[in-house]
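Chain by chain, the residues:
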Amino acid sequence: IDTSMKHFTVGRAEKTVSVRGAELETSFHQSRDWFGIFYDDVYSPPKSFHMVVEWIACSSIHMVSFLNGLDKLAARHDFKLLRLPIGVLFPQPAPAWVWSSDQETNFDRLPFYPRKRISIPASPLPREQLYARLLQAWLQPPLKFHFIFASPIQDFKAYPIVAEEDAKENTSAKKEVYQRLKGWVLCDQEGLCLATLREECIYFFQNHLQINSCRTRERMQAYVKKAERVSQLFFQVTTEVFDSILEPKS
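This text gives an overview of the structure that appears in the document. (Residues numbered from 1 in each chain as written. Predicted model: local features only at pLDDT ≥ 70, side-chain atom pairs only at ≥ 80, totals over all residues. Heavy atoms only, no water.)

**Some remarks on unusual backbone geometry**
A negative phi angle characterises most non-glycine residues, just as the trans form characterises most peptide bonds. Of note, the bond from Pro-141 into Pro-142 is cis; its omega dihedral lies within 30 degrees of zero at 10°. Mapped onto the elements, Pro-142 comes out in the loop between helix H3 (127–139) and strand S5 (146–151). Positive phi values are uncommon outside glycine, yet Asp-78 reaches one of about 65°. Within the secondary structure layout, Asp-78 lies in the loop between helix H1 (60–76) and helix H2 (86–89). On the basis of relative accessible area, Asp-78 is assigned to the exposed category, the value being 74%. (Helix = DSSP H or I, 4+ residues; strand = E, 2+ residues; numbered from the N terminus. Buried < 20%, exposed > 50% of the residue type's maximum accessible area, 1.4 Å probe, protein only.)

**Considerations on the side chain of Arg-198**
Relative to the elements of secondary structure, Arg-198 occurs in the loop between strand S9 (193–197) and strand S10 (201–206). Although Arg-198 is buried, it forms no salt bridge, and the closest oppositely charged side chain is Glu-199 at an N-O distance of 8.6 Å. Within the structure, the side chain of Arg-198 is placed 3.3 Å from the backbone oxygen of Leu-181, a separation counted as a polar contact. Those residues in contact with Arg-198 that lie beyond four places of it in its chain are Ile-120, Tyr-131, Leu-181, Lys-182, Gly-183, Trp-184, Val-185 and Tyr-203. (Lys, Arg positive; Asp, Glu negative; His and termini not counted. Salt bridge = Lys/Arg side-chain N within 4 Å of Asp/Glu carboxyl O. Polar contact = N/O pair within 3.5 Å; in protein donor to acceptor, adjacent residues only side chain to side chain. Contact = heavy atoms within 4.5 Å.)

**Points about helix H5 (residues 217–245)**
The end-to-end C-alpha separation of H5 is 43 Å, in line with the 42 Å expected for 29 residues at 1.5 Å each. Elements that come into contact with the buried residues of H5 comprise strand S4 (116–119), H3, S9, S10 and helix H4 (208–212). (Expected span 1.5 Å × (residues − 1).)

**Here's the deal with H3**
Compared with the 18 Å implied by 1.5 Å per residue over 13 residues, the 18 Å span of H3 between its first and last C-alpha is a close match. Among the residues making up H3, those that are buried are Leu-130, Tyr-131, Leu-134, Leu-135, Ala-137 and Trp-138. Down the axis of H3, the sector holding all buried residues measures 160°, keeping them to one side. Looking at the buried positions of H3, the neighbouring elements they touch are S5, strand S8 (183–187), S9, S10 and H5. (Arc of directions from axis to C-beta.)

**Let's talk about the pattern of salt bridges**
Per the counting criterion, the structure on display carries 6 salt bridges. Linking Lys-80 and Glu-190 is a salt bridge whose minimum nitrogen-to-oxygen distance equals 3.5 Å. Of this pair, Lys-80 sits in the loop between H1 and H2 while Glu-190 sits in the loop between S8 and S9, and the two are 110 residues apart along the sequence. Between Glu-200 and Arg-127 there is a salt bridge, and its shortest N-O distance comes to 3.9 Å. Residue Glu-200 is found in the loop between S9 and S10, and its partner Arg-127 is found in helix H3; the two are separated by 73 residues along the sequence. By relative accessible area, which is 53% here, Glu-200 ends up exposed. Shared partners join several salt bridges into a network, and the residues in it are Lys-80, Glu-190 and Lys-226.

**Digging into a nonpolar patch on the surface**
On the surface, Tyr-43, Phe-49, Met-51 and Phe-79 cluster together to form a nonpolar patch covering roughly 380 Å² of accessible area. Here Tyr-43 is to be found in the loop between strand S2 (34–40) and strand S3 (51–54). (Patch = residues over 30% accessible without salt bridge, like charges linked within 9 Å, V, L, I, M, F, W, Y side chains within 5 Å. Areas by Shrake-Rupley, 256 points an atom, 1.4 Å probe, with all protein chains shown as cover.)

**Digging into the sheet that holds S2**
Read from one edge of the open sheet, 3 strands run S1-S2-S3, paired in antiparallel fashion. Strand pairing shows two members of the sheet lacking a second neighbour, strand S1 (12–18) and S3, which therefore form its edges. Taking each pair of neighbouring strands and ignoring which way they run, the sheet shows an average axis angle of 20°. Across 7 bridges, the pairing between S1 and S2 is antiparallel. Bridge pairing in S2 links Ser-18 to Trp-34. (Pairing = 2+ DSSP bridges. Axes fitted to C-alpha atoms, helices over the stretch in contact; angles between N-to-C directions.)

**A look at the side chain of His-62**
Residue position: His-62 is located in helix H1. A residue is classified by how much of its surface remains accessible, and His-62, at 4% relative accessible area, is buried. For His-62, the side chain forms a polar contact with the side chain of Thr-26, separated by 2.7 Å.

Here it is as structure tokens:
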């Protein structure tokens, strides 16, 4: 980074980690296991630092050892490691022949973790001001949400695989499906709940990865209760924002 500049770009970096050369409790010299890490090349607070771990030829015992060490390292420096349900946030596109104008059916979504949808009502305010009101309310107490992802554009267009003999008859293939949509993704401090603000609606759901990662029943019950409190607060704060901007009835 050029420290004399006022602006910089957060890029993506990657690293291949060989288990035999890593400082893991499970490492041994004859190991052929390895995994890959993709991460932000710059930490830009207050934004989150993103890290993706992918593996094929690596035993689960090494991954558990690495993630436990990473969790301890984050806690030692007053950070918190949050697991995100990427399959829920960024699902894979469904087969092209089922594509339609309904984004809900254009992706292979997990059936057991449905999202709660909140429609954005008609408002006398411009949409940009309405988005700003919502984001400000979510970032302030009592919610104190944090930004995870944000995108001002649609990106990562999905291209269907269509046979030549079906190209003329396949009208669904003409639909445009993007894996990255405009909007913001936020979460609470514990990462138990996630909120997604899109152009036409709001999605809210609980993070089952964080809740189910508890090793004791008492801690899981505490997480479930806290997630329910956050959910109630979120709907209350969002409703108050909508009520404050709607025109009074004559």
